[in-house]
Amino acid sequence: MSHSSHTPIALTIAGSDSGGGAGIQADLKAFSALGAYGASVITALTAQNTREVRAIHPVPVPFILQQLETVFDDLNVNAVKTGMLGDASIVSAVAEFLRGQPQVKLVVDPVMLSKGGDALLRADAVSALVSELIPLATLITPNLPEAAAILDCNEPEDLAGMEQMARDLKALGPDAVLLKGGHLNNSEQSPDIFFDGEQCITLNTKRINTKNTHGTGCTLASAIAALLAKGELPLAAVEQAKQYISDAIAVADTLEVGSGHGPVHHFHAFWQH
């Protein structure tokens, strides 16, 4: 169906962030900013702002599946991004549904902790993620703490350790891995490793000093999904998405939203500063 007039459609399967900086809200903003039509399936409602997550209200699995079926019955979805999935039953249900949609590019952002340290994924869900969802992925985008939880190992100390970790993650079955090194103790650069089984590429980004980084991971994964929906290959999608998120972080301080970890500026290219 990929003729030139076709509208690229990206779907996010994630939690709602009432503060608007992360989750479904960040995903839809990133999709829009990068030229894809965004649809959403909500897995959890949260009561949160830039300072805290006060409450999480999971959506029952049958209703998550109903959302998925209804969207796919009508929309020609090109790419899917998964974010906060909460527990093993949700991970399993989403994985089972997506197995029936092999044509769809899948970006798995294995969200486990909020910026404030709140657990967003139960321990039993990590094993479901590893055995059921990750093998379906076109790309997974864990940060170092998430990758350590997935592989049940310690976080790497250096770039060589990160490269080995990326290879170990690839062995779990995704087509490609983007291992995000923002947590690596290296003040100047924030190195990410892209590995697709053939090339292992280090993508360096200058570290930007701002506390307004709420939703960074959600936004990056969604930006990649939007670009995959438009037909970009994974490496090109990753490179363009990284440029987009870097720009969004660089001007995050021009947004005055909340008093905690504020959001990145999803629409930096469209707003007059």
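Anything mentioned here points back to the structure above.
Residues numbered from 1 in each chain as written. Predicted model: local features only at pLDDT ≥ 70, side-chain atom pairs only at ≥ 80, totals over all residues. Heavy atoms only, no water.

Trainee: For this particular structure, what's the right way to read the overall build of the protein chain?
Mentor: When you go through the protein chain residue by residue, the secondary structure sums to 8 helices and 9 strands. Taken over 273 residues, the protein chain has a buried fraction of 53%. Long-range pairs, those at least 24 residues apart, make up 66% of the contacts in the protein chain with a sequence separation of at least 6. Summed over all atoms, the accessible surface of the protein chain reaches about 12,200 Å², with 51% contributed by carbon and sulfur. (Helix = DSSP H or I, 4+ residues; strand = E, 2+ residues; numbered from the N terminus. Buried < 20%, exposed > 50% of the residue type's maximum accessible area, 1.4 Å probe, protein only. Contact = heavy atoms within 4.5 Å. Areas by Shrake-Rupley, 256 points an atom, 1.4 Å probe, with all protein chains shown as cover.)

Trainee: Where do I start with empty space enclosed by the protein in this structure?
Mentor: Tallying each qualifying case throughout the model produces 1 cavity of 30 Å³ or more. As for the largest cavity, its lining consists of 11 residues, of which Gly83, Leu85, Asp109, Pro110 and Leu129 are closest to the centre. By residue class, the composition of the lining of the largest cavity is 8 nonpolar, 2 polar and 1 charged. (1 Å grid on protein atoms, 1.4 Å probe; cavity = no way out; pocket = protein on both sides within 12 Å on 5 of 7 lines; lining within 4 Å. Points joined across faces, edges and corners; volume = space filled by probe spheres on them. Nonpolar A, V, L, I, M, F, W, Y, C, P; charged D, E, K, R; others polar.)

Trainee: Before we go on, may I ask you to explain helix H3 (residues 88–99) in this structure?
Mentor: Residues that lie three or four places apart on an α-helix share one face, since the helix turns once every 3.6 residues. The terminal C-alpha atoms of H3 lie 16 Å apart, and with 12 residues this matches the ideal 16 Å at 1.5 Å per residue to within 8%. Taken as a whole, H3 has its buried residues at Ala88, Ile90, Val91, Ala93, Val94, Ala95, Phe97 and Leu98. Elements that come into contact with the buried residues of H3 comprise strand S1 (9–17), strand S2 (37–48), helix H2 (61–74), strand S4 (79–82), strand S5 (105–108) and helix H4 (123–133). (Expected span 1.5 Å × (residues − 1).)

Trainee: Honestly, the side chain of Thr12 in this entry has me stumped. Any pointers?
Mentor: Within the fold, Thr12 resides in strand S1. A distance of 2.6 Å separates polar atoms of two side chains, one belonging to Thr12 and the other to Asp27. (Polar contact = N/O pair within 3.5 Å; in protein donor to acceptor, adjacent residues only side chain to side chain.)

Trainee: Explain the pattern of salt bridges here, please?
Mentor: Pairing between side chains of opposite charge can happen when the charged atoms of each approach one another. Applying the stated rule across the entire model yields 4 salt bridges. The partner of Glu52 in a salt bridge is Arg54, and the shortest N-O contact between them spans 2.8 Å. Judged by relative accessible area, Arg54 falls into the exposed class, the value being 60%. Across the pair Lys242 and Asp192 runs a salt bridge, and its minimum N-O distance is 2.6 Å. Linking Lys242 in helix H8 (residues 234–250) with Asp192 in strand S8 (residues 189–195), this pair joins segments that are 50 residues apart in sequence. (Salt bridge = Lys/Arg side-chain N within 4 Å of Asp/Glu carboxyl O.)

Trainee: How do you make sense of the pairing of strand S3 (residues 53–58) when you look at a structure like this?
Mentor: On any regular strand, side chains alternate: one points to one face of the sheet, the next to the other face. With 5 bridges connecting them, S2 and S3 associate as antiparallel partners. Along S3, the bridge assignment pairs Ala44 with Pro58. Linking S2 to S3, which pair antiparallel, is a turn of 4 residues. (Pairing = 2+ DSSP bridges.)

Trainee: What exactly am I supposed to notice about the packing of H2 against H3 here?
Mentor: The geometry of a pair of packed helices is captured by two quantities: the angle between their axes and the separation between those axes. The geometry of H2 relative to H3 is characterised by a closest axis approach of 10 Å and an angle of 25° between their N-to-C directions. In terms of orientation, H2 and H3 fall into the roughly parallel class. Crossing of H2 against H3: the hand is right-handed. Counted together, Val61, Ile64, Leu65, Leu68, Glu69 and Phe72 of H2 and Ser89, Ile90, Ala93, Val94 and Phe97 of H3 form the full contact between these two elements. Broken down by class, the residue content of the contact of H2 with H3 amounts to 9 nonpolar, 1 polar and 1 charged. (Axes fitted to C-alpha atoms, helices over the stretch in contact; angles between N-to-C directions. Parallel < 35°, antiparallel > 145°, perpendicular 65-115°, else oblique. Left-handed = near helix turned anticlockwise from the far one by under 90°.)

Trainee: Mind showing me how you'd approach the packing of helix H1 (residues 23–33) against helix H7 (residues 216–229) here?
Mentor: The contact between H1 and H7 brings their axes to 8 Å, and the two run at 40°. One way to sum up the angle between H1 and H7 is to call them oblique. Between H1 and H7 lies a crossing of right-handed hand. Within the contact between the two elements, H1 uses Gly23, Ala26, Asp27, Ala30 and Phe31 and H7 uses Cys218, Thr219, Ser222, Ala223, Ala225 and Ala226. In terms of residue class, the contact of H1 with H7 is made up of 7 nonpolar, 3 polar and 1 charged.

Trainee: Would you explain the nonpolar core in this entry?
Mentor: Generally speaking, soluble globular proteins have nonpolar side chains that are buried together. Ranked by size, the top nonpolar core spans 45 residues in total, and within it Leu11, Ile13, Leu68, Val80, Val94, Leu133 and Leu179 carry the most contacts. No other element matches the 7 residues that H3 contributes to this core. Sequence-distant contacts of Leu11, defined by excluding residues within four places in its chain, comprise Phe31, Ala39, Ser40, Val41, Leu68, Val71, Phe72, Val77, Ala79, Val80 and Lys81. Core analysis: the next-biggest nonpolar cluster, separate from the first, contains 32 residues, Leu139, Leu178, Ala237 and Ile245 among them. (Core = buried A, V, L, I, M, F, W, Y, C linked by side-chain atoms within 4.5 Å.)

Trainee: Before we go on, may I ask you to explain H4 in this structure?
Mentor: Listed as buried for H4 are Ala125, Val126, Ala128, Leu129, Val130 and Leu133. For H4, the secondary structure elements touched by its buried residues are S4, H3, S5 and helix H5 (144–151).

Trainee: Looking at this model, I keep getting lost on the environment of Glu155. Mind explaining?
Mentor: In this fold, Glu155 is placed in the loop between H5 and helix H6 (159–170). For Glu155, a relative accessible area of 35% corresponds to the partly exposed category. It is 6.1 Å that separates the C-alpha atoms of Glu155 and Leu144, two residues lying 11 residues apart in sequence.

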